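Structural overview for review
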Amino acid sequence: MKSILIILVLSFSFVSYGQNLWPKSAVKLVKNFTYPFHNSFVGTIWSSCRAKNYRLNKIKNTELLDVEFNNSYYESGKVRIKIALQRNNTDYSKAPIAIVINGIFGNQVSGLARQLGKVMLETGYHVIFLGNPLGVENIVQKPKYPLGHFIEESHAYLETLKSAVNWISEKQLNTGIVRLIGVSYGSFTAAIMTALDSKEDFPIIFDTTLLSPPIEMASALKNMDQILIDTKKYGGRSKARHNLAAIRFCLYNKSANSSQKVIDIAKSLFGYSGFQNSLVESTILADNIYNIGKIPTSKKDFKTWKRNFFFKTYLNEYASELRYLMFDKRGTLKYWIDKIRLNNKLNLRVFTSLDDPLNLGESWNGIPNVLSTERGGHYGLRSFLFYEKFLMESFRIH
């Protein structure tokens, strides 16, 4: 099995390199990387623990702005986002544009988007931060579409993207290159946006990079729920105990053979701290904003509700009309990539790890331009030394 995976890694790298969508220098960094952990859940928590808290408003020769645009997909008819512009000593500078869509539940400049934004700004791009459709910053702006309806979310985000790019272009600060980058669920959104944009006579998006995308939404949610079920024993712990448990992984010996208990704790931190806690937070917010009234009011009932609230629960209780969408062909990455192909504008590439637990049981067959590591979990490489170098090489301005 291991030899098969290695062949897959090399073949994906070769395909990407052959089509010049991944620069040779970026491919070389991936090929030379050796994953040191015996278990990728442990490695992912180690990587998350060591992630740096970059301050984007302190990056030299850039300025981070709050900007409001009209958007018909929100109840107010407007949406606010953050845009970081390149500048010299006296004025803003002309530069290419990068648009960053954060991972699920992420805000505009939080977590994963913060690192991507830092790299793109230091590489010389203006950066448009869209956040994630299921992030708190987006939900509080009251979208009119059902939360989790990834097609409607993509239409809304594309409308914002067009307004933001036009805003920069009207200031004569755009060199003409617009690059879209998505992480995890944000990369699925990015793929749909690219498909929608590719139908236009004059598409805006030059190319799209998907980082750790789900191959199929239904499968990804099922796999995520299974992780939560498997580690429920540890998942019910308080936030303080979760944080305390995470500390041990910050100093974890990369070459150590982890016990099953250690692996299970890392798996629970991945599932509950990384996903379920934010799922609960966003659901409570949406319940309040839209006056749904399904959150238990008693402390005991709320504790039980929270402990048993999974992605399946959200679909059943809050968005039953989305189940058909999740489980049909529109819930697959390949469907949207094929749409882009039909328009002869397939300038899209993927970076992933073959052991991503959200894609368990799925195959990358039929999806082009995939560059992968054999191991690394779900976006679990961000704190390894090679990774920022890989990002910089992948987006280097020529």
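Just so it is clear, the model here is predicted, and its values are computed rather than measured. (Residues numbered from 1 in each chain as written. Predicted model: local features only at pLDDT ≥ 70, side-chain atom pairs only at ≥ 80, totals over all residues. Heavy atoms only, no water.)

1. With respect to the nonpolar core
In terms of nonpolar packing, the biggest core is built from 129 residues, with Ile83, Ile128 and Phe390 touching the most fellow members. Element by element, the count of residues in this core is highest for helix H11 (residues 260-289), at 13 residues. When near neighbours in sequence (up to four residues on either side) are disregarded, Ile128 contacts Ile81, Lys82, Ile83, Ile97, Ala98, Ile99, Val100, Ala164, Val165 and Ile168. (Core = buried A, V, L, I, M, F, W, Y, C linked by side-chain atoms within 4.5 Å. Buried < 20%, exposed > 50% of the residue type's maximum accessible area, 1.4 Å probe, protein only. Helix = DSSP H or I, 4+ residues; strand = E, 2+ residues; numbered from the N terminus. Contact = heavy atoms within 4.5 Å.)

2. Overview of the pairing of strand S2 (residues 78-86)
Looking along a regular strand, one sees the side chains alternate between the two faces of the sheet. By the criterion of burial, S2 is predominantly enclosed, with seven of the nine residues buried. Sheet topology note: the strand S1 (residues 62-70)/S2 ladder contains nine bridges and is antiparallel. Each residue of the ladder has a partner; that of Leu64, found in S2, is Ala84. As judged from the three bridges shared by S2 and strand S4 (residues 126-131), these two strands associate in the antiparallel manner. Considered in S4, the bridge of Ala84 is made with Val127. (Pairing = 2+ DSSP bridges.)

3. Some points on the state of the cysteines
Cysteine pairs can be covalently joined through their sulfur atoms, and such a bond is termed a disulfide. Evaluated as defined, the whole model comprises one disulfide. For Cys49, the disulfide goes to Cys250, at an S-S distance of 1.4 Å. Between Cys49 and Cys250 the sulfur-sulfur dihedral comes to about 65°; the bridge is accordingly right-handed. Residue Cys49 is located in helix H3 (residues 40-49), and its partner Cys250 is located in helix H10 (residues 239-250); the two are separated by 201 residues in the primary sequence. For Cys49, a relative accessible area of 29% puts it in the partly exposed group. Of the residues examined, Cys250 reaches a relative accessible area of 17% and is grouped as buried. (Disulfide = S-S within 2.5 Å.)

4. Notes on H3
The element H3 is extensively covered by neighbouring structure, given that eight of its ten residues are classed as buried. Within the sequence span of H3, burial applies to Ser40, Phe41, Val42, Gly43, Thr44, Ile45, Trp46 and Ser47. Near the N-terminus of H3, the side chain that reaches the backbone nitrogen of Phe41, with its oxygen 2.9 Å away, is that of Asn39. (Polar contact = N/O pair within 3.5 Å; in protein donor to acceptor, adjacent residues only side chain to side chain.)

5. Concerning the side chain of Ser154
In this structure, Ser154 sits in helix H6 (residues 150-170). Given a relative accessible area of 0%, Ser154 falls into the buried group. Those residues within four positions of Ser154 in sequence are excluded, and the remaining contacts are Thr189, Ile192, Met193 and Leu196.

6. A look at the confidence of the model for the chain
The share of residues in the chain with pLDDT of 70 or more is 94%, and the mean pLDDT across the chain is 91. Segment residues 1-19 is flagged for pLDDT under 50; beyond a separation of four residues in sequence, or across chains, it makes 28 contacts in the model. (pLDDT = per-residue confidence, 0-100.)

7. Overview of the side chain of Ser353
When you line up the elements, Ser353 lands in strand S7 (residues 348-353). A polar contact is formed between the side chain of Ser353 and the side chain of Thr373, at a distance of 2.8 Å. Sequence-distant contacts of Ser353, that is, excluding residues within four places in its chain, are made with Thr373, Arg375, Gly376, Gly377 and Leu381.

8. Looking at the packing of aromatic side chains
On inspection of all chains with the given rule, the structure shows 28 aromatic pairs. Ring centres of Tyr35 and Phe384 lie 5.7 Å apart, and the angle between their planes is 45°; on these two criteria the pair is classed as tilted. Of this pair, Tyr35 sits in the loop between helix H2 (24-31) and H3 while Phe384 sits in the loop between strand S8 (370-373) and helix H16 (385-394), placing them 349 residues apart in sequence. The pair formed by Tyr35 and Phe384 is uniform in burial state, with each residue classed as buried. (Phe/Tyr/Trp six-rings, centres within 6.5 Å; stacked < 30°, edge-to-face > 60°.)

9. Things to note about the sheet that holds S2
Strand order in the open sheet made by the eight strands is S1-S2-S4-S3-S5-S6-S7-S8, with mixed pairing throughout. Looking at which strands have only one partner, the edges of the open sheet turn out to be S1 and S8. Sheet twist, expressed as the mean angle between neighbouring strand axes with direction ignored, is 20°. Sheet strands touched by helix H4 (residues 111-123): S1, S2, strand S3 (95-101), S4, strand S5 (174-183) and strand S6 (207-211). Its angle to S4, the strand with the most contacts, is close to 170°. (Axes fitted to C-alpha atoms, helices over the stretch in contact; angles between N-to-C directions.)

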